[in-house]
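Tertiary structure, described
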Amino acid sequence: MRTLALVLSAALPALAPPAPPAPPAPAAAAAVVAAEPGIPRLTDDRGRVLTLRGWNVEDKAHRGEAALSAITEKHFRDMRARGFNFARLLVFWDDLEPERGRYSKAYLRKIERVLDWAERHRVHVLIDAHQDVFGPAFGHRGIPEWATRTDGLPFTPHPDDWFAEYFEPAVQRAFTHLYEDADLAAAQARMWRVLADRFAHHPAVLGYDLINEPMGELREGEDLPAAARRIERDHLTPLYNRLADAIRTVDDDNWIFVEPTPIVGEGVPTGLGRIDDPKVVYAPHFYNTAMEAGADYDPSAGWIEAYEAAVTAYPEEYGVPIVVGEWGPLNNALPNMGRFYREALASLNRYSSGWAGYVWCYGGGYCAVDGSGAWRANKERTAAPYAEAVAGRVIAQDPARLSYVAGRGGATVLSLPPAATGWRVTVDGRARPRTAAVPPGRAGRVEVRAVPGATVTVSVSPAHR
């Protein structure tokens, strides 16, 4: 989501002053994950507690025969080599069903090839049905032109602030028709059945993100937070229930990821209701209006604290895990950005089961790394040790230590990114190995196997200590 600045600066009321922030987290705050009380954790098919660390992977530039051609096996090899285990893969309905009722077998094969690369490098994949400004009828990607109904309302492009295009009358009306027209609802459900039926049993697939950054139509005199909550309550909740039901006709195993509107990024709690499915994940995005417009991080503004309070309310109420599907500012080299990454990671890791940064590509802008593969400014802070999977009940986690009561789900797996000093892992309790080492400059995966019922503590430290 880039960028709300011009729209939200006028439409949103000032946020209430947050509670005093906690002391800044140490630089290694991303090392281990802890969820807030009341928010359950994501699990795998063996019941292990999962932590996802990764990036969005996309090709928005190519369509038709060239679709997904910008994504290569290198993306997954390089992510895994730095310790990441998660990719949010953008796919587009307009590529899958360019003509109503005709699904592209070639596009499905291209998606499968990408999933095969992910499996080869042990990367979990979330298939994201992506849209930006609805779709190609407005010069973007997502919902096909044949499924775009505007009632003849006007649309004016905003090349300097494309997010403002969401507030054009034609785009807003197109969302209303998508939500309310029975034939379009049925078409969207069929599209998801096609995807889920094809990929339900692919080993790389973790779940399905039903629609990226959904928006809707504002009513006369309605402010943006009120509109967002109404759209989430009246349109998105039934939409997600419909699509979840459609997916469950062909896939009863993978997770269903549901997003609020992007307005949650301004600390506005969602109006989304209950999704009647046993495997739902709440998947908000984490973007700040001012920073998206090019401003530096302002620690005194309390944005991270307000966002955390807003996004944790829904998973606490409905008892679902939370995974942040996109985050990361455009300009990472400003003076306060090091502090932003430190504090943002500490916050994300307090309450979420994981996150996907935006975006793994090789170049400028939002790319994680440059053309040579070197980290862009401050983005190296996203790579830190974490427990990919915990086979048991987590007791406590902090930046360097994991304690759990071992279960029968197999191995607990630690992921350690390359570090100049290497890493030392120490295990206490009825478990093996007792120690492990990762040499300097290399990523490592350490599997800990414990006696069921044993209390185990795993400590991670730089090898030179």
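Residues numbered from 1 in each chain as written. Predicted model: local features only at pLDDT ≥ 70, side-chain atom pairs only at ≥ 80, totals over all residues. Heavy atoms only, no water.

1. Things to note about the overall build of the protein chain
- The number of helices and strands found in the protein chain is 10 helices and 20 strands.
- Projected onto its principal axes, the C-alpha positions of the protein chain cover 70 × 50 × 45 Å.
- Per element, the accessible surface of the protein chain, about 17600 Å² overall, is 52% carbon and sulfur.
- Mean positive and mean negative side-chain charge positions of the protein chain (51 and 58 charges, respectively) differ by 10 Å. (Helix = DSSP H or I, 4+ residues; strand = E, 2+ residues; numbered from the N terminus. Areas by Shrake-Rupley, 256 points an atom, 1.4 Å probe, with all protein chains shown as cover. Lys, Arg positive; Asp, Glu negative; His and termini not counted. Charge placed at Lys NZ, Arg CZ, Asp CG, Glu CD.)

2. Brief notes about the state of the cysteines
- In this structure the tally under the stated criterion is one disulfide.
- One disulfide bridge connects Cys361 with Cys367, the sulfur atoms lying 1.9 Å from each other. As the torsion about the S-S bond is roughly -110°, the Cys361-Cys367 disulfide counts as left-handed. (Disulfide = S-S within 2.5 Å.)

3. Some remarks on the pattern of salt bridges
- Following the criterion strictly, the structure yields 29 salt bridges and no others.
- Connected via shared salt-bridge partners are Arg80, Glu388, Arg445, Glu447 and Arg449. (Salt bridge = Lys/Arg side-chain N within 4 Å of Asp/Glu carboxyl O.)

4. Quick word on the layout of surface pockets
- The space that makes up the largest pocket amounts to roughly 620 Å³.
- Secondary structure elements with two or more residues in the lining of the largest pocket: strand S5 (205-209), strand S12 (386-390) and strand S19 (444-450).
- Residue contributions to the lining of the largest pocket peak at three residues, all from S19.
- Tallied by class, residues from the lining of the largest pocket come to 11 nonpolar, six polar and 13 charged. (1 Å grid on protein atoms, 1.4 Å probe; cavity = no way out; pocket = protein on both sides within 12 Å on 5 of 7 lines; lining within 4 Å. Points joined across faces, edges and corners; volume = space filled by probe spheres on them. Nonpolar A, V, L, I, M, F, W, Y, C, P; charged D, E, K, R; others polar.)

5. A short note on the nonpolar core
- Phe76, Trp192, Tyr208, Phe286, Trp327 and Phe340 are the most contacted members of the largest nonpolar core, which totals 94 residues.
- Residues within four places of Trp327 in sequence aside, it is in contact with Phe286, Tyr287, Phe340, Tyr341, Ala344, Leu345, Leu348, Trp355, Ala356, Gly357, Tyr358 and Thr382. (Core = buried A, V, L, I, M, F, W, Y, C linked by side-chain atoms within 4.5 Å. Buried < 20%, exposed > 50% of the residue type's maximum accessible area, 1.4 Å probe, protein only. Contact = heavy atoms within 4.5 Å.)

6. Quick notes on the confidence of the model for the protein chain
- Summing up the model confidence of the protein chain, the mean pLDDT is 92 and the portion of residues at 70 or higher is 92%.
- This stretch, residues 1-35, has a pLDDT under 50; its non-local contacts, to residues over four places away or in other chains, come to 91 contacts. (pLDDT = per-residue confidence, 0-100.)

7. Some thoughts on the sheet that holds strand S20 (residues 455-462)
- Ordered by their spatial adjacency, five strands build an open sheet running S13-S14-S20-S16-S18, and the pairing between neighbours is antiparallel. Strands with a single pairing partner mark the edges of an open sheet, and in this sheet they are strand S13 (392-398) and strand S18 (435-438). Neighbour-to-neighbour, the strand axes of the sheet open up by a mean angle of 15°, direction not taken into account.
- One ladder, built from six bridges, connects strand S16 (residues 423-428) with S20; its direction is antiparallel. Looking across to S20, one finds that Asp428 is bridged to Thr457. (Pairing = 2+ DSSP bridges. Axes fitted to C-alpha atoms, helices over the stretch in contact; angles between N-to-C directions.)

8. Notes on empty space enclosed by the protein
- Scanning all chains against the criterion turns up eight cavities of 30 Å³ or more.
- There is about 60 Å³ of room inside the second largest cavity.
- In terms of lining, the second largest cavity is formed by Trp93, Ala129, His130, Gln131, Gly142, Ile143, Gln188, Met191, Leu210 and Ile211.

9. Focus: unusual backbone geometry
- Cis geometry marks the peptide bond from Tyr358 to Val359; its omega dihedral reads 10°.
- Note on placement: Val359 falls in the loop between strand S11 (354-357) and S12.
- Cis rather than trans, the peptide bond between Arg432 and Pro433 has omega equal to 0°.
- Within the secondary structure layout, Pro433 lies in the loop between strand S17 (431-432) and S18.
- Phi is positive for Asp151, which is not a glycine, with a value near 55°.
- For Asp151, the location among the structural elements is in the loop between strand S4 (124-129) and helix H5 (169-180).

10. Things to note about the pairing of strand S14 (residues 401-406)
- Across the six residues that make up S14, a large majority, five, are buried.
- Pairing of S13 with S14 involves six bridges; the strand directions are antiparallel. Its bridge partner being in S14, Val394 is matched across the sheet by Tyr404.
- Linking S13 back to S14 in an antiparallel pair, the connection comprises two residues.
- As paired strands, S14 and S20 are joined by five bridges and run antiparallel to one another. Bridge pairing links Val405 to Thr455 in S20.

11. A short note on the side chain of Lys379
- One can find Lys379 in the loop between S11 and S12.
- It is Glu292 that comes nearest to the buried, bridge-free Lys379 among opposite-charge side chains, at 9.3 Å.
- Of the polar contacts made by the side chain of Lys379, one reaches the backbone oxygen of Cys367; its length is 3.5 Å. (Polar contact = N/O pair within 3.5 Å; in protein donor to acceptor, adjacent residues only side chain to side chain.)

12. Here we look at the packing of H5 against helix H6 (residues 182-199)
- H6 packs onto H5 with a crossing angle of 75° between their chain directions and a minimal axis gap of 5 Å. The angle between H5 and H6 places the two elements in the roughly perpendicular class. Counted together, His177, Leu178 and Glu180 of H5 and Ala182, Leu184, Ala185 and Gln188 of H6 form the full contact between these two elements.
- Considered class by class, the residues forming the contact of H5 with H6 number four nonpolar, two polar and one charged. (Parallel < 35°, antiparallel > 145°, perpendicular 65-115°, else oblique.)

13. A few points about the pairing of S5
- Counted residue by residue, S5 has five buried out of five residues, so it is predominantly covered.
- Examined bridge by bridge, S4 and S5 share four bridges and lie parallel to one another. For Val125, the partnering residue across the bridge sits in S5 and is Val205.
- With three bridges joining them, S5 and strand S6 (residues 255-258) adopt parallel strand pairing. Directly across from Gly207, in S6, lies its bridge partner Trp255.

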